[in-house]
Protein chains: 2
Amino acid sequence: MPHLLKPVSPRRPPSLSDRDAKAPGSLPRGDALKEALAHELERLTALQAVFYADGRRALLVVLQGRDASGKDGTIRTVFGACNPQGCQVTSFKAPTPTELAHDYLWRVHQAIPPRGMIGIFNRSHYEDVLVVRVRNLVPAATWKKRYDQINAFERHLTENGVTILKFCLHISKDEQREQFLERLTDPTKNWKFRAGDLDDRALWNDYTAAYRDALKKCSTPWAPWYLVPGDNATARNYMVTRVINETLQEMDLAYPRAPKEVLALAEKLRK
Amino acid sequence: MPHLLKPVSPRRPPSLSDRDAKAPGSLPRGDALKEALAHELERLTALQAVFYADGRRALLVVLQGRDASGKDGTIRTVFGACNPQGCQVTSFKAPTPTELAHDYLWRVHQAIPPRGMIGIFNRSHYEDVLVVRVRNLVPAATWKKRYDQINAFERHLTENGVTILKFCLHISKDEQREQFLERLTDPTKNWKFRAGDLDDRALWNDYTAAYRDALKKCSTPWAPWYLVPGDNATARNYMVTRVINETLQEMDLAYPRAPKEVLALAEKLRK
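Below or above, wherever it landed, is the structure these notes cover. (Residues numbered from 1 in each chain as written. Chains lettered and ligands numbered in written order. Predicted model: local features only at pLDDT ≥ 70, side-chain atom pairs only at ≥ 80, totals over all residues. Heavy atoms only, no water.)

**Here's the deal with the side chain of Arg-43 of chain B**
Residue and element names in this part refer to chain B.
(1) Moving on: Looking at the element boundaries, Arg-43 is found in helix H1 (residues 30–54).
(2) Moving on: A distance of 3.1 Å separates the side chain of Arg-43 from the side chain of Glu-246, its partner in a polar contact.
(3) Moving on: Ignoring anything within four residues of it in the chain, the contact list for Arg-43 reads Arg-242, Asn-245, Glu-246 and Gln-249. (Helix = DSSP H or I, 4+ residues; strand = E, 2+ residues; numbered from the N terminus. Polar contact = N/O pair within 3.5 Å; in protein donor to acceptor, adjacent residues only side chain to side chain. Contact = heavy atoms within 4.5 Å.)

**Overview of the packing of aromatic side chains**
(1) Moving on: By the definition in use, this model includes 12 aromatic pairs over all chains.
(2) Moving on: Ring geometry for Trp-191 of chain A versus Tyr-52 of chain B: centroids 5.8 Å apart, planes at 80°, classification edge-to-face. Taken together, the positions of Trp-191 of chain A in the loop between helix H7 (173–185) and helix H8 (196–202) and Tyr-52 of chain B in helix H1 put the pair across two chains.
(3) Moving on: Assessed through its relative accessible area of 29%, Trp-191 of chain A is described here as partly exposed.
(4) Moving on: Looking at Tyr-52 of chain B, the relative accessible area reads 25%, which means it is partly exposed.
(5) Moving on: Residue placement shows Arg-146 of chain A over the ring face of Tyr-104 of chain A; its charged tip is 4.2 Å from the ring centre. (Phe/Tyr/Trp six-rings, centres within 6.5 Å; stacked < 30°, edge-to-face > 60°. Buried < 20%, exposed > 50% of the residue type's maximum accessible area, 1.4 Å probe, protein only. Lys NZ or Arg CZ within 6 Å of the ring centre and 35° of its normal.)

**Focus on the relation of the copies chain A and chain B**
(1) Moving on: For the match of chain A to chain B, the screw axis carries a shift of 0.0 Å, the RMSD comes to 0.0 Å, and the turn is 180°. The symmetry that links the two subunits is that of a two-fold axis.
(2) Moving on: A shared interface surface links the copies, since 100% of the contact residues of chain A are contact residues in chain B too. (Least-squares fit on C-alpha atoms with pLDDT ≥ 70 in both.)

**Describing the interface of chain A and chain B**
(1) Moving on: Contacts between the two partners involve 36 residues from chain A, matched on the other side by 36 residues from chain B.
(2) Moving on: Interface area for chain A against chain B, summed over the two sides, is near 3300 Å², with a carbon-plus-sulfur share of 71%.
(3) Moving on: Broken down residue by residue, the surface that chain A buries against chain B is led by Gln-85, Trp-191 and Leu-269 of chain A, which jointly contribute 21%.
(4) Moving on: Where chain A packs against chain B, one counts zero salt bridges.
(5) Moving on: Along the contact surface separating chain A from chain B lie 10 residue pairs in polar contact (both at pLDDT 80 or more).
(6) Moving on: With five residues, H7 of chain A is the single largest residue contributor to the side of chain A that touches chain B.
(7) Moving on: When grouped by side-chain class, the residues that make up the side of chain A that touches chain B number 22 nonpolar, eight polar and six charged. (Buried area = accessible area lost by both parts, 1.4 Å probe. Salt bridge = Lys/Arg side-chain N within 4 Å of Asp/Glu carboxyl O. Nonpolar A, V, L, I, M, F, W, Y, C, P; charged D, E, K, R; others polar.)

**Quick look at the packing of H1 of chain B against helix H10 (residues 233–249) of chain B**
Residues and elements named next belong to chain B.
(1) Moving on: Across the interface, H1 lies against H10 with an axial gap of 9 Å and an inter-helix angle of 35°. Read as a crossing pair, H1 and H10 show a hand that is left-handed. The residues of H10 that touch H1, namely those facing Leu-33, Lys-34, Ala-36, Leu-37, Glu-40, Leu-41, Arg-43, Leu-44, Leu-47, Gln-48 and Phe-51, are Thr-234, Ala-235, Asn-237, Tyr-238, Thr-241, Arg-242, Ile-244, Asn-245, Glu-246, Leu-248 and Gln-249. (Axes fitted to C-alpha atoms, helices over the stretch in contact; angles between N-to-C directions. Left-handed = near helix turned anticlockwise from the far one by under 90°.)

**Overview of the state of the cysteines**
Residue and element names in this part refer to chain B.
(1) Moving on: Applying the stated criterion across every chain yields a total of zero disulfides over all chains.
(2) Moving on: Cysteine Cys-87 shares no disulfide, and the gap to the nearest cysteine sulfur, in Cys-82, comes to 4.0 Å.
(3) Moving on: Cys-218 takes part in no disulfide bond, and the closest cysteine sulfur, belonging to Cys-168, lies 12 Å away.
(4) Moving on: Exposure remark for Cys-218: the relative accessible area of 0% places this residue in the buried category. (Disulfide = S-S within 2.5 Å.)

**Things to note about the sheet that holds strand E3 (residues 118–122) of chain B**
Residues and elements named next belong to chain B.
(1) Moving on: Taken in spatial order, the five strands of this open sheet run E2-E3-E1-E4-E5, and their pairing is parallel. Each of the sheet's edge strands pairs with one partner strand only, and the pair in question is strand E2 (87–91) and strand E5 (225–229). For this sheet the average axis-to-axis angle between neighbouring strands, irrespective of direction, equals 20°.
(2) Moving on: Pairing geometry for strand E4 (residues 162–170) and E5, over five bridges, is parallel. Its bridge partner lying in E5, Lys-166 is registered against Trp-225. (Pairing = 2+ DSSP bridges.)

Honestly, it's all geometry; don't read function into it.
Here's what the structure looks like:
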């Protein structure tokens, strides 16, 4: 099918250049793109309803990306199409002292969605090989071991009923500036801006290297990474929704039927 | 303003008759009601966005009601209008052994939303004076003490940043039969039917008495109960959304402004 993102190939990892942030030319534009997104969102609403009722698997959606790359907007639009009862969003901030007293996957494991649910991670355990690496929060020998640890953890999850999709929302440096300026000039968006965002922007290339490694080393057959061009929000939402829908579609979901003796209760009720 | 539900008055508690399940005659009907609901849902989307950004209070919405009274549908429609990142739904089931080893409010306290968030309880600590009472799961002397305990707990929460709204979704006995029959005959709804639902239906009057006491004893100035006529789903959703919107409106919410020195960073970015 056209316009369907492919998982990152570890053998040909993306460069994460500004060009990777542009929507692919094959995608519809303007109103046609909006209509395509609306159609995918309707599909998601229907698929999530049966996914929830089916209750045999959990879906974990990991959203990573630099500041202003569209994580919040993706959650609002894409998962806004889901029944809130079947969704749980976890935003991972700087770890608390209690969390730091545990291994870095401890808090992550607690937030894994139960079967029937879609769990959305706004940032994730990947920060432990991104900000932690770029800002030297642990020795290099420590974070270097984490790629394998993460792969093993994610493999464990998928073998135990959790389907994992990881989206790296990728924006260009120019687009980030535009987004930051909007946050600073629009009074309803001021609250989203943190002064520290500029420090991370200054480390752009270091983050690029860290993201590249995370994508390359952790795009596995059981928990693939998708690189999502993020400069156009509608295209981004369309591409993310599309991958989720195809994944749910392949699950062969079904509404559980009640056993005969339960169905027979209808007669009793009609009396 | 017209059509706005009033809190349950402890001095004139509702009888919870079948008549209480009918939408008030003053409410618009048909398409006019659908439009009124759509308008309130749009209002909720806007109010929740600023509530989340404002981040000074939490909102706890308790949904109670018999089987098939519309708790799930209310969550889907009303909170479907909210950003999933600002909402968390907790469905309280029969307590686990670990939960039973604690006092009955222990698991409830853990699920209280943090500031900025709307927490939705699908069933709640009120089950500890409803099913627990009707089915004699604890001695009468135990559940009788709980009304005061719950009021004290809820008072503590409101004094510490949590606004509480409690909705009792009330359907007639006939409407429940219709809903049960639909679940039994529509294969996509079978999964929502539990054979035990009929046992609770057989105890209809006992539940009525238990609900009446819960509404009467626990509709407080700080955590009011609203009795929501539930036989018409659109009217129900409209009335619930309306109360939430008026509550949020009164909070005098505002988008936090960034301090001058942060706003000045825009110049640095433009260079």
